Amino acid sequence: MLTPGEDPGRLHRAPASSRGQARAFLLPRTAVCPGRGTAPATAERISMFNQSLQAQGCCTFYCQSCGEVIIKDRKLLRVLPLPSENWGALVEEWCCHPDPFANKPLHPQENDCFIGDSFFLVNFRSDLWQPRPELAPVETQCSSENHFKLKPKANTKVICKRCKVMLGETMSSETTKFYMTEIIIQPSERKFSIIPRSQFVQSVIAQCLVELSAARSTFRFTIQGHDGKVYILLWLLNSDSLVIESLGSSKSIKKFPLLEDNLKADSCSAWNAVKVLYQPCIKNRNAEFCSAWESDISIHSLTLPSATCLELLLILSRNNATLPPSLRSMNSFQVAFLKM
(Lines give C-alpha, C1' and ligand atoms only; values in the text may rest on other atoms or scores of the structure.)
Protein backbone atom coordinates (compact mmCIF):
# COMPACT_ATOMS: atom_id res chain seq x y z
CA MET A 1 0.00 0.00 0.00
CA LEU A 2 1.24 3.48 -0.87
CA THR A 3 0.85 6.61 1.16
CA PRO A 4 0.15 9.98 -0.52
CA GLY A 5 3.34 11.40 -1.95
CA GLU A 6 5.07 8.09 -2.51
CA ASP A 7 6.25 6.94 -5.90
CA PRO A 8 3.58 4.84 -7.70
CA GLY A 9 6.46 2.77 -8.99
CA ARG A 10 6.62 1.17 -5.56
CA LEU A 11 3.29 -0.56 -6.20
CA HIS A 12 3.20 -3.85 -4.29
CA ARG A 13 3.07 -6.95 -6.50
CA ALA A 14 1.49 -10.16 -5.37
CA PRO A 15 4.01 -12.94 -4.63
CA ALA A 16 4.34 -15.80 -7.07
CA SER A 17 2.46 -18.10 -4.70
CA SER A 18 -0.72 -16.05 -5.16
CA ARG A 19 -0.73 -16.15 -8.97
CA GLY A 20 -3.87 -17.66 -10.40
CA GLN A 21 -5.93 -15.92 -7.73
CA ALA A 22 -7.64 -12.58 -8.11
CA ARG A 23 -4.99 -9.98 -7.39
CA ALA A 24 -5.56 -6.65 -5.72
CA PHE A 25 -3.17 -3.71 -5.94
CA LEU A 26 -3.56 -0.68 -3.72
CA LEU A 27 -2.97 2.93 -4.65
CA PRO A 28 -3.84 6.29 -3.10
CA ARG A 29 -7.07 7.77 -4.40
CA THR A 30 -5.31 10.25 -6.70
CA ALA A 31 -3.24 7.62 -8.46
CA VAL A 32 -3.84 7.14 -12.16
CA CYS A 33 -3.86 3.85 -14.05
CA PRO A 34 -2.16 4.30 -17.44
CA GLY A 35 -4.79 4.14 -20.13
CA ARG A 36 -7.66 3.82 -17.64
CA GLY A 37 -7.72 7.15 -15.81
CA THR A 38 -8.74 7.60 -12.22
CA ALA A 39 -11.29 5.55 -10.37
CA PRO A 40 -14.95 6.54 -10.73
CA ALA A 41 -15.70 9.98 -9.34
CA THR A 42 -17.74 10.43 -6.20
CA ALA A 43 -20.78 11.57 -8.18
CA GLU A 44 -20.80 8.26 -10.04
CA ARG A 45 -20.74 6.10 -6.95
CA ILE A 46 -23.82 4.37 -5.69
CA SER A 47 -25.62 6.78 -3.44
CA MET A 48 -27.69 5.64 -0.49
CA PHE A 49 -30.50 7.41 -2.33
CA ASN A 50 -29.13 6.28 -5.71
CA GLN A 51 -27.93 9.50 -7.31
CA SER A 52 -28.61 11.73 -4.27
CA LEU A 53 -32.23 12.13 -3.30
CA GLN A 54 -33.40 15.72 -2.99
CA ALA A 55 -36.39 17.16 -1.22
CA GLN A 56 -38.29 17.91 -4.41
CA GLY A 57 -40.31 16.11 -7.07
CA CYS A 58 -41.71 12.60 -6.74
CA CYS A 59 -39.62 9.61 -5.71
CA THR A 60 -40.21 5.88 -5.91
CA PHE A 61 -38.95 3.34 -3.39
CA TYR A 62 -37.74 0.05 -4.90
CA CYS A 63 -36.66 -3.25 -3.42
CA GLN A 64 -32.96 -3.36 -4.27
CA SER A 65 -32.92 -7.13 -4.72
CA CYS A 66 -35.69 -7.52 -7.30
CA GLY A 67 -36.89 -4.03 -8.29
CA GLU A 68 -40.39 -4.36 -6.84
CA VAL A 69 -42.02 -0.97 -6.26
CA ILE A 70 -42.57 -0.44 -2.52
CA ILE A 71 -43.79 3.18 -2.47
CA LYS A 72 -44.69 4.84 -5.76
CA ASP A 73 -44.57 8.54 -6.60
CA ARG A 74 -44.03 9.85 -3.08
CA LYS A 75 -43.41 13.59 -3.04
CA LEU A 76 -40.76 14.29 -0.40
CA LEU A 77 -40.81 17.86 0.85
CA ARG A 78 -38.40 17.32 3.75
CA VAL A 79 -35.36 15.01 3.82
CA LEU A 80 -33.77 15.42 7.25
CA PRO A 81 -31.01 13.64 9.19
CA LEU A 82 -31.98 12.14 12.53
CA PRO A 83 -29.96 12.98 15.65
CA SER A 84 -27.83 10.29 17.24
CA GLU A 85 -29.65 7.46 18.97
CA ASN A 86 -28.74 8.84 22.42
CA TRP A 87 -29.93 12.37 21.76
CA GLY A 88 -32.64 12.15 24.42
CA ALA A 89 -30.10 11.58 27.19
CA LEU A 90 -28.38 14.87 26.29
CA VAL A 91 -31.50 17.04 26.47
CA GLU A 92 -31.22 17.29 30.27
CA GLU A 93 -27.84 18.98 29.79
CA TRP A 94 -29.35 21.56 27.45
CA CYS A 95 -32.56 22.44 29.32
CA CYS A 96 -33.03 24.03 32.74
CA HIS A 97 -36.69 22.95 32.81
CA PRO A 98 -38.43 19.59 32.35
CA ASP A 99 -37.61 17.79 29.14
CA PRO A 100 -39.98 19.17 26.46
CA PHE A 101 -39.29 16.17 24.21
CA ALA A 102 -40.09 13.45 26.75
CA ASN A 103 -42.21 10.65 25.26
CA LYS A 104 -42.29 12.42 21.91
CA PRO A 105 -40.64 10.17 19.34
CA LEU A 106 -39.63 11.63 16.00
CA HIS A 107 -42.15 10.40 13.44
CA PRO A 108 -42.13 11.62 9.81
CA GLN A 109 -45.20 13.09 8.18
CA GLU A 110 -46.47 11.86 4.83
CA ASN A 111 -44.02 13.95 2.78
CA ASP A 112 -41.00 13.47 5.07
CA CYS A 113 -38.01 11.15 4.96
CA PHE A 114 -35.80 10.98 8.05
CA ILE A 115 -32.31 9.53 7.64
CA GLY A 116 -30.66 7.46 10.37
CA ASP A 117 -27.26 5.78 10.48
CA SER A 118 -28.34 2.80 8.38
CA PHE A 119 -32.02 3.35 7.71
CA PHE A 120 -34.75 5.65 6.43
CA LEU A 121 -37.90 6.54 8.35
CA VAL A 122 -40.94 7.25 6.19
CA ASN A 123 -44.65 7.61 6.75
CA PHE A 124 -46.11 4.40 5.35
CA ARG A 125 -49.87 4.71 5.08
CA SER A 126 -51.72 1.63 6.29
CA ASP A 127 -53.58 1.23 3.01
CA LEU A 128 -50.31 0.56 1.18
CA TRP A 129 -49.01 -2.32 3.26
CA GLN A 130 -50.42 -4.83 5.68
CA PRO A 131 -47.72 -6.96 7.39
CA ARG A 132 -48.77 -10.56 7.98
CA PRO A 133 -49.46 -11.56 11.58
CA GLU A 134 -47.06 -13.92 13.30
CA LEU A 135 -47.84 -16.59 15.86
CA ALA A 136 -45.43 -16.87 18.78
CA PRO A 137 -45.55 -19.38 21.67
CA VAL A 138 -46.35 -17.66 24.96
CA GLU A 139 -46.18 -19.43 28.30
CA THR A 140 -49.25 -19.12 30.54
CA GLN A 141 -49.85 -20.22 34.13
CA CYS A 142 -52.77 -22.45 35.14
CA SER A 143 -53.81 -23.79 38.53
CA SER A 144 -52.98 -27.37 37.58
CA GLU A 145 -50.00 -27.18 35.26
CA ASN A 146 -47.97 -25.02 32.91
CA HIS A 147 -48.78 -25.24 29.26
CA PHE A 148 -48.17 -23.36 26.04
CA LYS A 149 -50.67 -21.84 23.69
CA LEU A 150 -50.35 -19.80 20.53
CA LYS A 151 -51.03 -16.14 21.02
CA PRO A 152 -51.05 -13.70 18.09
CA LYS A 153 -48.06 -11.38 18.11
CA ALA A 154 -47.68 -8.32 15.92
CA ASN A 155 -45.16 -8.88 13.15
CA THR A 156 -43.06 -5.76 12.65
CA LYS A 157 -41.15 -7.03 9.61
CA VAL A 158 -41.79 -5.42 6.23
CA ILE A 159 -41.14 -7.99 3.52
CA CYS A 160 -40.94 -7.60 -0.25
CA LYS A 161 -43.99 -9.20 -1.85
CA ARG A 162 -41.99 -10.53 -4.78
CA CYS A 163 -38.65 -11.81 -3.42
CA LYS A 164 -39.61 -12.12 0.29
CA VAL A 165 -36.53 -10.18 1.42
CA MET A 166 -36.83 -8.26 4.68
CA LEU A 167 -36.86 -4.56 3.81
CA GLY A 168 -37.42 -3.00 7.22
CA GLU A 169 -39.65 -2.85 10.27
CA THR A 170 -42.79 -1.02 11.31
CA MET A 171 -42.11 1.43 14.14
CA SER A 172 -45.73 2.51 14.64
CA SER A 173 -49.03 2.36 12.81
CA GLU A 174 -47.78 4.94 10.29
CA THR A 175 -43.97 4.97 10.55
CA THR A 176 -41.78 2.40 8.82
CA LYS A 177 -38.03 1.92 9.01
CA PHE A 178 -36.40 0.84 5.74
CA TYR A 179 -32.79 -0.34 5.83
CA MET A 180 -30.45 1.40 3.40
CA THR A 181 -29.03 -1.93 2.22
CA GLU A 182 -32.45 -3.11 1.05
CA ILE A 183 -34.03 -0.05 -0.59
CA ILE A 184 -33.21 2.19 -3.54
CA ILE A 185 -34.91 5.58 -3.70
CA GLN A 186 -34.78 7.52 -6.95
CA PRO A 187 -36.82 10.08 -8.93
CA SER A 188 -39.97 8.51 -10.35
CA GLU A 189 -39.15 9.58 -13.90
CA ARG A 190 -35.88 7.66 -13.86
CA LYS A 191 -35.89 4.09 -15.09
CA PHE A 192 -34.90 1.54 -12.44
CA SER A 193 -31.92 -0.70 -13.14
CA ILE A 194 -30.76 -3.59 -10.99
CA ILE A 195 -27.37 -3.08 -9.29
CA PRO A 196 -25.41 -6.23 -8.41
CA ARG A 197 -26.16 -7.07 -4.80
CA SER A 198 -22.53 -7.36 -3.68
CA GLN A 199 -21.63 -4.01 -5.24
CA PHE A 200 -24.60 -2.26 -3.64
CA VAL A 201 -24.04 -3.65 -0.13
CA GLN A 202 -20.33 -2.78 -0.21
CA SER A 203 -20.98 0.77 -1.37
CA VAL A 204 -23.71 1.50 1.19
CA ILE A 205 -21.75 0.08 4.12
CA ALA A 206 -18.55 1.84 3.04
CA GLN A 207 -20.32 5.20 2.81
CA CYS A 208 -21.96 4.67 6.20
CA LEU A 209 -18.58 3.96 7.79
CA VAL A 210 -16.93 6.99 6.19
CA GLU A 211 -19.73 9.40 7.13
CA LEU A 212 -20.00 8.14 10.71
CA SER A 213 -16.25 8.24 11.25
CA ALA A 214 -16.14 11.85 10.02
CA ALA A 215 -19.18 12.97 12.00
CA ARG A 216 -18.48 11.19 15.27
CA SER A 217 -14.73 10.54 15.23
CA THR A 218 -15.31 6.83 15.71
CA PHE A 219 -13.56 4.15 13.68
CA ARG A 220 -14.74 0.95 15.33
CA PHE A 221 -18.16 -0.52 14.64
CA THR A 222 -20.25 -3.54 15.53
CA ILE A 223 -22.52 -4.88 12.80
CA GLN A 224 -25.57 -6.39 14.42
CA GLY A 225 -28.71 -7.95 13.05
CA HIS A 226 -32.27 -6.86 13.70
CA ASP A 227 -32.39 -9.79 16.13
CA GLY A 228 -29.86 -8.00 18.36
CA LYS A 229 -27.00 -10.43 17.69
CA VAL A 230 -23.57 -9.06 16.76
CA TYR A 231 -22.26 -10.63 13.55
CA ILE A 232 -19.11 -8.63 12.71
CA LEU A 233 -16.61 -6.32 14.40
CA LEU A 234 -15.32 -3.71 11.94
CA TRP A 235 -12.38 -1.35 12.29
CA LEU A 236 -12.06 1.37 9.65
CA LEU A 237 -8.38 1.96 8.78
CA ASN A 238 -8.59 4.38 5.87
CA SER A 239 -11.10 5.62 3.33
CA ASP A 240 -8.91 6.77 0.45
CA SER A 241 -7.64 3.53 -1.08
CA LEU A 242 -7.82 2.70 -4.76
CA VAL A 243 -8.12 -1.01 -5.45
CA ILE A 244 -7.14 -2.30 -8.88
CA GLU A 245 -8.29 -5.84 -9.46
CA SER A 246 -7.23 -8.25 -12.15
CA LEU A 247 -9.83 -10.97 -11.80
CA GLY A 248 -8.83 -13.28 -14.62
CA SER A 249 -9.60 -16.89 -13.76
CA SER A 250 -10.01 -16.34 -10.06
CA LYS A 251 -10.57 -19.47 -8.04
CA SER A 252 -12.36 -17.44 -5.38
CA ILE A 253 -15.24 -16.83 -7.80
CA LYS A 254 -16.03 -20.52 -7.70
CA LYS A 255 -16.00 -20.48 -3.94
CA PHE A 256 -18.61 -17.70 -3.81
CA PRO A 257 -20.92 -18.15 -6.82
CA LEU A 258 -23.48 -15.67 -5.44
CA LEU A 259 -21.02 -12.85 -6.17
CA GLU A 260 -20.32 -13.78 -9.80
CA ASP A 261 -22.59 -11.08 -11.26
CA ASN A 262 -20.36 -8.38 -9.84
CA LEU A 263 -17.11 -10.06 -10.79
CA LYS A 264 -17.93 -10.68 -14.44
CA ALA A 265 -18.47 -7.00 -15.17
CA ASP A 266 -14.85 -6.35 -16.14
CA SER A 267 -11.70 -8.46 -16.13
CA CYS A 268 -9.68 -5.52 -14.79
CA SER A 269 -11.18 -2.61 -12.90
CA ALA A 270 -10.30 0.17 -10.47
CA TRP A 271 -12.40 1.11 -7.45
CA ASN A 272 -12.27 3.64 -4.67
CA ALA A 273 -12.46 1.64 -1.47
CA VAL A 274 -12.20 1.70 2.29
CA LYS A 275 -9.79 -0.58 4.11
CA VAL A 276 -11.20 -2.37 7.14
CA LEU A 277 -10.16 -4.91 9.71
CA TYR A 278 -12.85 -7.35 10.73
CA GLN A 279 -13.63 -10.18 13.11
CA PRO A 280 -16.56 -12.57 12.56
CA CYS A 281 -18.70 -13.17 15.63
CA ILE A 282 -21.03 -15.93 14.43
CA LYS A 283 -21.26 -19.25 16.26
CA ASN A 284 -19.76 -17.71 19.42
CA ARG A 285 -16.48 -16.87 17.68
CA ASN A 286 -14.47 -14.11 19.40
CA ALA A 287 -17.08 -13.96 22.18
CA GLU A 288 -14.84 -12.20 24.70
CA PHE A 289 -13.62 -9.71 22.11
CA CYS A 290 -17.23 -9.05 21.06
CA SER A 291 -18.35 -8.51 24.66
CA ALA A 292 -15.56 -6.00 25.24
CA TRP A 293 -16.53 -4.02 22.14
CA GLU A 294 -20.21 -4.00 23.03
CA SER A 295 -19.45 -2.47 26.44
CA ASP A 296 -17.17 0.22 24.97
CA ILE A 297 -19.12 3.46 24.56
CA SER A 298 -16.69 4.70 21.90
CA ILE A 299 -17.75 1.93 19.52
CA HIS A 300 -20.76 2.57 17.30
CA SER A 301 -23.33 -0.06 16.37
CA LEU A 302 -24.93 -0.43 12.94
CA THR A 303 -28.12 -2.49 12.72
CA LEU A 304 -29.02 -4.35 9.52
CA PRO A 305 -31.25 -7.29 8.63
CA SER A 306 -29.60 -10.48 9.89
CA ALA A 307 -29.45 -11.93 6.36
CA THR A 308 -27.60 -8.83 5.17
CA CYS A 309 -25.08 -9.18 8.02
CA LEU A 310 -24.29 -12.67 6.73
CA GLU A 311 -24.05 -11.32 3.17
CA LEU A 312 -21.57 -8.69 4.34
CA LEU A 313 -19.50 -11.31 6.13
CA LEU A 314 -19.43 -13.38 2.93
CA ILE A 315 -18.32 -10.33 0.94
CA LEU A 316 -15.53 -9.57 3.43
CA SER A 317 -14.38 -13.19 3.38
CA ARG A 318 -14.34 -13.28 -0.40
CA ASN A 319 -12.40 -10.02 -0.54
CA ASN A 320 -9.91 -11.26 2.04
CA ALA A 321 -9.34 -14.41 -0.04
CA THR A 322 -8.31 -12.34 -3.08
CA LEU A 323 -5.46 -10.63 -1.21
CA PRO A 324 -1.94 -12.08 -1.15
CA PRO A 325 -1.51 -14.33 1.92
CA SER A 326 0.93 -11.88 3.52
CA LEU A 327 -1.70 -9.11 3.47
CA ARG A 328 -4.72 -11.04 4.69
CA SER A 329 -4.35 -10.45 8.41
CA MET A 330 -3.16 -7.83 10.85
CA ASN A 331 -2.66 -8.92 14.44
CA SER A 332 -5.80 -10.89 15.29
CA PHE A 333 -7.94 -9.21 12.61
CA GLN A 334 -8.57 -10.08 9.00
CA VAL A 335 -8.09 -7.44 6.29
CA ALA A 336 -10.61 -6.55 3.59
CA PHE A 337 -11.62 -3.72 1.27
CA LEU A 338 -15.15 -2.45 0.68
CA LYS A 339 -15.65 -0.82 -2.71
CA MET A 340 -17.42 2.53 -2.80
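Cut-offs and rules
- Residues numbered from 1 in each chain as written.
- Predicted model: local features only at pLDDT ≥ 70, side-chain atom pairs only at ≥ 80, totals over all residues.
- Heavy atoms only, no water.
- Helix = DSSP H or I, 4+ residues; strand = E, 2+ residues; numbered from the N terminus.
- Buried < 20%, exposed > 50% of the residue type's maximum accessible area, 1.4 Å probe, protein only.
- Contact = heavy atoms within 4.5 Å.
- Areas by Shrake-Rupley, 256 points an atom, 1.4 Å probe, with all protein chains shown as cover.
- pLDDT = per-residue confidence, 0-100.
- Core = buried A, V, L, I, M, F, W, Y, C linked by side-chain atoms within 4.5 Å.
- Pairing = 2+ DSSP bridges.
- Phe/Tyr/Trp six-rings, centres within 6.5 Å; stacked < 30°, edge-to-face > 60°.

Student: I'd love a proper account of the overall build of the protein chain, names of residues and values included.
Tutor: The helix and strand inventory of the protein chain stands at six helices and 18 strands. Looking at the protein chain residue by residue over its 340 residues, the buried ones come to 45%. Taking contacts inside the protein chain between residues at least 6 apart in sequence as the whole, the part at least 24 apart equals 69%. In the form shown here, the protein chain has an accessible surface area of approximately 18400 Å², with 52% of it arising from carbon and sulfur atoms.

Student: Describe the confidence of the model for the protein chain, and please don't skip the residues or the numbers.
Tutor: For the protein chain, the mean per-residue pLDDT works out to 75, and 65% of the residues sit at or above 70. Long-range and interchain partners of residues 126–153, a stretch whose pLDDT sits below 50, account for 37 contacts in this model, where long-range means more than four residues apart. The model gives residues 252–263 a pLDDT under 50, and that stretch makes 20 contacts with residues more than four places away or in other chains.

Student: Before we move on, could you go through the nonpolar core and cite the residues and values that matter?
Tutor: Core analysis: the biggest nonpolar cluster contains 51 residues, and Ile 70, Phe 178, Leu 209, Ile 232, Leu 234, Leu 316 and Leu 338 have the highest contact counts within it. It is helix α2 (residues 197–216) that contributes the most residues to this core, eight residues altogether.

Student: Describe the pairing of strand β10 (residues 166–170), and please don't skip the residues or the numbers.
Tutor: Extensive coverage of β10 is indicated by the burial of four of its five residues. In sequence, strand β9 (residues 157–159) turns back onto β10 through a hairpin of six residues, with Lys 164 there showing a positive phi of about 65 degrees. As judged from the three bridges shared by β10 and strand β11 (residues 175–179), these two strands associate in the antiparallel manner. By the bridge assignment, Thr 170 is partnered in β11 with Thr 176. Taken together, β10 and the strand that follows it, β11, pair antiparallel across an intervening segment of four residues.

Student: Give me the packing of aromatic side chains: which residues, what numbers.
Tutor: Between two aromatic rings, the relevant description is the distance of the centres plus the angle of the planes. If you walk through the whole model with that rule in mind, you get seven aromatic pairs. Ring centres of Phe 289 and Phe 333 lie 5.3 Å apart, and the angle between their planes is 65 degrees; this geometry places the pair in the edge-to-face category. Of this pair, Phe 289 sits in helix α5 (residues 287–294) while Phe 333 sits in strand β18 (residues 333–339), and the two are 44 residues apart along the sequence. Note on Phe 333: relative accessible area 6%, which makes it buried. Aromatic side chains Trp 293 and Phe 333 sit 6.1 Å apart centroid to centroid with 40 degrees between the ring planes, which places their arrangement in the tilted category. Here Phe 333 lies in strand β18 and Trp 293 lies in helix α5, a separation of 40 residues in the sequence.

Student: Could you give an account of the environment of Thr 176, with specific residues and numbers?
Tutor: Tracing the chain through its elements places Thr 176 in strand β11. Considering only alpha carbons, one finds Thr 176 and Val 122, 54 residues apart in sequence, at a separation of 5.6 Å. Leaving out residues up to four positions away in the same chain, Thr 176 has contacts with Phe 120, Leu 121, Val 122, Phe 124, Val 158, Glu 169, Thr 170 and Met 171.

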